[in-house]
Amino acid sequence: MIKRTSSEKALLSLSLLGAISILPFMFIRWFEGDITLAIIDGVVSLSALIFFLFVLITRETSAAKNSFAIFLTIGVLVTIFVKGEEQLFWVSPVIISIYFLMPLKLAKFTSVVLVFFVLIIIYNRVGLGELLTILSTTLLTVSLSYVVSRSYNDKKNELNLLASIDSLTSSGNRRALDKKLTEVTTNHHREADTISLILIDLDNFKEINDNYGHAAGDHILIKVCELIVQHTRLVDALYRYG
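Along each chain, residue indices are assigned from 1 in the same order as the chain's sequence is written. Where local features are concerned, this predicted model is filtered to residues with pLDDT of at least 70; where side-chain atom pairs are given and counted, the filter is 80 or more; whole-chain, interface and lining totals use all residues. Values reported for side chains reflect all heavy atoms of the structure, with hydrogen atoms and water molecules removed beforehand.

## Some details on the overall build of the protein
- Helices and strands together make up the secondary structure of the protein, namely nine helices and zero strands.
- Counted from the first residue to the last, the protein has its helices and strands arranged as α-α-α-α-α-α-α-α-α.
- The C-alpha atoms of the protein give 26 Å as radius of gyration, which overshoots the globular expectation for 242 residues (18 Å, by more than 25%).
- Exposure is judged per residue with a 1.4 Å probe applied to protein chains only, and the accessible area is read against the type maximum: over 50% gives exposed, under 20% gives buried, and values in between give partly exposed. Residues counted as buried form 32% of the 242 residues belonging to the protein.
- Only heavy atoms matter for contacts: two residues are in contact if any of them lie within 4.5 Å across the pair. Put simply, 62% of the contacts in the protein that link residues at least 6 apart link residues at least 24 apart.
- Accessibility throughout is a Shrake-Rupley quantity obtained with a 1.4 Å probe, and a residue counts as covered only by protein chains that appear here. Surface exposure of the protein reaches about 16,300 Å², of which carbon and sulfur atoms provide 65%. Secondary structure elements are taken from DSSP: a helix is a run of H or I of four residues or more, a strand is a run of E of two residues or more, and numbering for both begins at the N terminus. Throughout, the radius of gyration refers to the C-alpha atoms, and the reference size of a globule is 2.2 Å times the residue count to the power 0.38.

## Some remarks on a nonpolar patch on the surface
- Grouping into patches uses exposed residues only, defined as over 30% relative accessible area, and leaves out salt-bridged ones; the cut-off is 9 Å for like charges and 5 Å for nonpolar side chains (Val, Leu, Ile, Met, Phe, Trp, Tyr). By convention in these notes, a salt bridge is any Lys or Arg side-chain nitrogen within 4 Å of a carboxyl oxygen on Asp or Glu. Taken together, Leu16, Ile20, Leu46, Leu49, Ile50, Leu53, Leu56 and Ile57 make up a surface patch of nonpolar side chains, about 710 Å² in accessible area.
- Per element, the largest residue contribution to the nonpolar patch is six residues, and it comes from helix H2 (residues 35-58).
- For Ile20, the location among the structural elements is in helix H1 (residues 6-31).

## Focus on the packing of H1 against H2
- Orientation is described by axes fitted as lines to C-alpha atoms, over the contacting stretch for helices, and by angles from 0 to 180 degrees between their N-to-C directions. Close contact between H1 and H2 brings their axes to 8 Å; oriented N to C, the two are set at 160°. The orientation of H1 with respect to H2, classified from their angle, is roughly antiparallel. In this structure, H1 crosses over H2, and the sense of that crossing is left-handed.
- The classification used treats Ala, Val, Leu, Ile, Met, Phe, Trp, Tyr, Cys and Pro as nonpolar, Asp, Glu, Lys and Arg as charged, and all other residues, Gly among them, as polar. Considering only residue class, the contact of H1 with H2 consists of 19 nonpolar, four polar and three charged. Each angle receives one of four descriptions, namely roughly parallel if under 35 degrees, roughly antiparallel if over 145, roughly perpendicular if within 65 to 115, and oblique otherwise. Note on convention: near helix rotated counterclockwise from far helix by under a right angle means a left-handed crossing. Clockwise means right-handed.

## Some thoughts on the environment of Asn160
- Residue placement: Asn160 occurs in helix H6 (residues 128-164).
- Remark: the alpha-carbon pair of Asn160 and Ala176, spanning 16 residues in sequence, is separated by 9.9 Å.

## Details of helix H3 (residues 62-83)
- Multiply 1.5 Å by the residue count of a helix minus one, and that product is the helix's expected span. Compared with an ideal rise of 1.5 Å per residue, which puts 22 residues at 32 Å, H3 spans 32 Å between its outermost C-alpha atoms and is within 8% of the ideal.
- Within H3 the residues assigned to the buried category are Ala64, Lys65, Phe68, Ala69, Leu72, Thr73, Gly75, Val76, Leu77, Thr79 and Ile80.
- Where H3 is buried, its residues meet H1, H2, helix H4 (91-101) and helix H5 (104-122).

## So, the pattern of salt bridges
- The full count for this structure, using the stated rule, is nine salt bridges.
- A salt bridge links Glu158 to Lys155; the shortest N-O distance between them is 3.7 Å. A residue pair is termed a helical-turn pair when its members lie 3 or 4 positions apart in one helix, as Glu158 and Lys155 do in helix H6 at three residues.
- For Lys155, a relative accessible area of 45% corresponds to the partly exposed category.

## Observations concerning the packing of aromatic side chains
- A pair of Phe, Tyr and Trp rings is counted when the ring centres sit within 6.5 Å of each other, with Trp represented by its six-membered ring. The angle between the planes then sorts it: under 30 degrees is stacked, over 60 is edge-to-face, the rest tilted. For the structure shown, the criterion picks out five aromatic pairs.
- A centroid spacing of 5.8 Å and a plane angle of 75° characterise the contact between Phe25 and Trp90, whose relative ring orientation is edge-to-face. Of the two residues, Phe25 sits in helix H1 while Trp90 sits in the loop between H3 and H4, which places them 65 residues apart along the sequence.
- Relative accessible area serves as the criterion here: at 29%, Phe25 is assigned to the partly exposed category.
- Ring centres of Phe116 and Phe117 lie 5.4 Å apart, and the angle between their planes is 80°; on these two criteria the pair is classed as edge-to-face.
- With a relative accessible area of 49%, Phe116 lands in the partly exposed category.
- Taken together, the aromatic side chains of Phe25, Phe89 and Trp90 make up a single cluster linked through ring pairs.

## A word on the nonpolar core
- Core analysis: the largest hydrophobic core is formed by 34 residues, its most contacted members being Ile80, Val91, Leu114, Val118 and Ile122.
- Here the element with the most residues in this core is H5; it accounts for eight residues.
- If we skip the residues at most four places from it in the chain, Ile122 touches Ile80, Leu88, Leu131 and Ile134. Side-chain atoms within 4.5 Å are what join buried Ala, Val, Leu, Ile, Met, Phe, Trp, Tyr and Cys residues into a set we call a nonpolar core.

## Here we look at unusual backbone geometry
- Positive phi values are uncommon outside glycine, yet Arg59 reaches one of about 65°.
- Here Arg59 shows up in the loop between H2 and H3.
- Under the relative-accessibility criterion, Arg59 is labelled partly exposed at 34%.
- Phi is positive for Asn204, which is not a glycine, with a value near 55°.
- Counting through the fold element by element, Asn204 comes out in the loop between helix H7 (174-191) and helix H8 (205-212).
- Residue Asn204 is classed as exposed on the basis of its relative accessible area, which comes to 52%.

The analysis is restricted to geometry; functional conclusions fall outside its scope.
Shown next as structure tokens:
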């Protein structure tokens, strides 16, 4: 059984949910005689299903996330252009999806562009009071999505850093070493660069712990790591294996 990453699962769930949730609107509008919007809903639903199958088969998420977010943005703009302000309820979920799918800076740019074009489309269709209400609510959605997304990314980066750093010596831990070795060997097979790995073992370290205590042993480990860092290049990396 294929073990999928959390990113894959999230994109698969979102694209499949989008395809399933939009599909009923296609039939409803078709039977109501709104053929244009029914076709748009059908295209959006089918495209979401294609994104689902693409990620399911290829397991490629980076490009798929950005493409899906852009597609949702274009889809909601086309829908509002065709049907007017009654379709504005789609803007908020699309903005949230953009921040979920895209890197923070790109999501910020895309969401602002979305709001800008929404205002252009509905400018002559609504009164000033309603236009200001739409502007304030969409900007509030953008702001809240940005704050939540940034807070999540900061916390995620902090947790990833804590998970890869040895708390005593502040060098990389075993997990970080395994990840780095996988990355280096992959690049080596592709580019055939020269790589070096040095293993350092402290002789009689157990005796230091037994005779002087673990606090003394910890102090020695810290000092050894500091000396190694002082005498290596910035491109070199230090990890505590044991």
